[in-house]
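# Tertiary structure, described
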Amino acid sequence: MTMNLFDSMGGIEARQEQLGPGATVLHRHAVPEETALLSALRDVVAGAPFRHMVTPGGFHMSVAVTNCGSLGWVTDRTGYRYDPIDPVSGLPWPRMPEVFLALATRAAARAGFGEYVPDACLINRYVTGARVSLHQDKNEQDFDQPIVSVSLGIPAVFLFGGLNRADRAIRVKLTHGDVVVWGGAARLRYHGILPIKEDHHPLVGDHRINLTFRKAA
Ligand code: MD3
Ligand code: FE
C-alpha cells in the first residue's frame with residue numbers, strides 16, 4: 001500500500017511506503033534537514049574518521065565506516081561487536097548529534113515505534129563499486145527495537161531478502177533523503193547493497209552515506 005502525503009511547510013512530497021510487514025520507507029523524509037545532517041556529519045568525522053574495517057574472515061570492507069553515540073559497531077579479526085571506544089583513537093565515539101537523534105526518533109514514531117532512543121549510529125560511506133553482501137543485523141540486544149536508516153548522496157539498490165539467506169530478495173532503490181524504519185517482522189531479514197554505480201550528488205559529491213540508528217544495548 002502506498003500513501004501520498006504532502007508536507008505543507010516545505011512543499012516536499014513525503015511518500016510513505018510499506019516494503020513488507022515492519023519495513024516502512026519514508027521517501028525523502030530527511031531532505032528538510034539535509035544541510036544540518038551533513039554539517040553534523042562533518043563534526044563526527046572530524047573526531048572519528050571513516051576507516052575500512054577488517055572482517056573476521058580477514059577482508060577489508062569496501063564500505064568505509066565510523067560511528068557516533070555511546071556505542072559503535074566494530075569488526076576486526078576477533079568478530080563483530082558494539083564498543084564504547086573507537087579502536088583507532090582509543091577515545092569514546094563522538095556524541096550523537098541532536099539532529100540525528102531527532103530525525104531517528106521522529107521517523108520511528110511515524111512508523112509506529114514510539115519512544116525510540118538509539119544509542120548507536122553506524123555511518124557507512126560508499127564510493128563507486130562499494131557493496132554490502134547479504135547479512136542480518138543481530139549484534140543488538142533487543143530485536144524488538146527497530147533500526148532506522150537514512151540514505152544521503154548518490155543512490156543505491158538495496159536488496160531486501162527474507163529470514164533465510166537463500167530466500168528471494170526484492171530490489172529497492174534508495175535515494176537521497178530516504179528514511180527506512182526496519183522493525184517487527186522485518187528486523188531480522190537478510191539485506192544488502194548492490195555495487196554502487198558511479199554518480200554525483202550536488203551536496204554530497206560522489207558518495208553515498210548511510211546513517212543506521214540502532215538501540216544496541
Ligand atoms: C533491514 N547498511 O549497516 S541500511 C548495515 O545502506 C546495513 O548502508 C545498509 O545493512 C546501507 O548493517 C543498509 C538498511 C538496513 C539496515 C538494517 C536492517 C536494512 C535492514 C536491519 C534489518 C532489516
Ligand atoms: Fe545491515
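One structure accompanies this document, and this report is about it. (Residues numbered from 1 in each chain as written. Chains lettered and ligands numbered in written order. Predicted model: local features only at pLDDT ≥ 70, side-chain atom pairs only at ≥ 80, totals over all residues. Heavy atoms only, no water.)

## Details of the state of the cysteines
- If you walk through the whole model with that rule in mind, you get zero disulfides.
- There is no disulfide at Cys68, and the cysteine sulfur nearest it, in Cys121, is 4.3 Å away. (Disulfide = S-S within 2.5 Å.)

## Things to note about the nonpolar core
- Leu19, Tyr126, Phe158, Phe160, Trp182 and Ile193 are the most contacted members of the largest nonpolar core, which has 31 residues in total.
- For this core, the secondary structure elements donating two or more residues are β3 (23-26), β5 (72-76), β7 (120-126), β10 (156-160), β11 (170-174) and β12 (179-182).
- Contact partners of Phe160, with chain neighbours within four places excluded, come to Leu19, Ala23, Arg168, Ala169, Ile170, Trp182, Ala186, Arg189 and Tyr190.
- By size, the runner-up hydrophobic cluster in this structure holds 29 residues, among which are Ala30, Leu37, Val148 and Leu152. (Core = buried A, V, L, I, M, F, W, Y, C linked by side-chain atoms within 4.5 Å. Buried < 20%, exposed > 50% of the residue type's maximum accessible area, 1.4 Å probe, protein only. Helix = DSSP H or I, 4+ residues; strand = E, 2+ residues; numbered from the N terminus. Contact = heavy atoms within 4.5 Å.)

## With respect to the pattern of salt bridges
- With the rule as written, the count across this model stands at nine salt bridges.
- The partner of Arg81 in a salt bridge is Asp83, with the nearest N and O atoms 3.4 Å apart.
- By sharing partners, the salt bridges in this structure join Asp137, Glu140, Arg187 and Arg214 into a single network. (Salt bridge = Lys/Arg side-chain N within 4 Å of Asp/Glu carboxyl O.)

## A closer look at the site of ligand 1
- Around ligand 1, 18 residues are found, and the nearest of them are Asn124, Tyr126, Arg187, His191 and Arg208.
- Measuring from an oxygen atom of ligand 1, one finds a side-chain N or O atom of Asn124 at 3.0 Å.
- Summarising the interface, the protein chains cover 97% of the accessible area of ligand 1, which totals 490 Å² for the free molecule.
- Contributions of two or more residues to the shell around ligand 1 are made by β7, β9 (147-153), β13 (191-193) and β14 (208-214).
- Top element by residues in the shell around ligand 1 is β14. It accounts for four residues.
- Grouping the amino acids of the shell around ligand 1 by side-chain chemistry returns seven nonpolar, six polar and five charged. (Near = heavy atom within 4 Å. Polar contact = N/O pair within 3.5 Å; in protein donor to acceptor, adjacent residues only side chain to side chain. Areas by Shrake-Rupley, 256 points an atom, 1.4 Å probe, with all protein chains shown as cover. Nonpolar A, V, L, I, M, F, W, Y, C, P; charged D, E, K, R; others polar.)

## As for the environment of Val63
- Mapped onto the elements, Val63 comes out in the loop between α1 (34-47) and β4 (64-69).
- Measuring from C-alpha to C-alpha, the distance between Val63 and Val132 comes to 7.4 Å, with 69 residues separating the pair along the chain.
- Among residues more than four places away in sequence, those in contact with Val63 are Arg51, His52, Asn124, Arg125, Tyr126, Ala130, Arg131 and Val132.

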